[in-house]
Amino acid sequence: MEIKRHHVGKRLSETAIHNGTVYLAGQIAEDTTQDIEGQTREVLGHVDRLLMEAGSDKTCILMCQIYISDMAHFAGMNAVYDEWVAQGHTPPRATVESKLANPACLVEIVVTAALR
């Protein structure tokens, strides 16, 4: 049973791969001065990059969990998500309002995907 981890840090790994499944840590924006649309775009870019590094892509997403700091951001986040998500491959998804660890973060996205 092999587990591969990428971008391993003191507290977490950005990616773990096991048995054909890719697990991403929650992704947040580095530039927290952006509005919800900008932060969502940046976060989805991190998701794309990490999935590519692991040998997957957004068409292989099995589950997506989205945490937003305020449900008032729901429409703005969805506008960016809807442009990004692969039509015909929309994954099961949950979106909840949550107090995020960094108050400047407006969105955090967790993804589980299959390898290609």
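Residues numbered from 1 in each chain as written. Predicted model: local features only at pLDDT ≥ 70, side-chain atom pairs only at ≥ 80, totals over all residues. Heavy atoms only, no water.

- In the annotation of an unreviewed UniProt entry, the chain is listed under the name RidA family protein and assigned to Massilia haematophila.
- Under Sequence similarities (unreviewed entry), UniProt gives the following word-for-word description of the chain: "Belongs to the RutC family." (UniProt positions renumbered as here; feature names shortened; annotations may be inferred.)

1. As for unusual backbone geometry
- One non-glycine residue, His 7, adopts positive backbone phi at about 55 degrees.
- The residue His 7 is located in strand E1 (residues 3-8) in this model.
- For His 7, a relative accessible area of 43% gives the class partly exposed.
- Although it is not a glycine, Asn 19 sits at a positive phi angle of roughly 50 degrees.
- Locating Asn 19 in the fold gives a position in the loop between strand E2 (13-18) and strand E3 (21-24).
- The exposure class of Asn 19 is exposed, given its relative accessible area of 69%. (Helix = DSSP H or I, 4+ residues; strand = E, 2+ residues; numbered from the N terminus. Buried < 20%, exposed > 50% of the residue type's maximum accessible area, 1.4 Å probe, protein only.)

2. Observations concerning the pattern of salt bridges
- What the rule picks out here adds up to 2 salt bridges.
- Residue Asp 57 pairs with Arg 116 through a salt bridge whose shortest N-O separation is 3.6 Å. With Asp 57 in the loop between helix H1 (36-54) and strand E4 (61-68) and Arg 116 in the segment after strand E6 (107-114), the pair connects residues that are 59 residues apart, well separated along the chain.
- Given the relative accessible area of 25%, Asp 57 is considered partly exposed.
- The class for Arg 116 is exposed, based on a relative accessible area of 62%. (Salt bridge = Lys/Arg side-chain N within 4 Å of Asp/Glu carboxyl O.)

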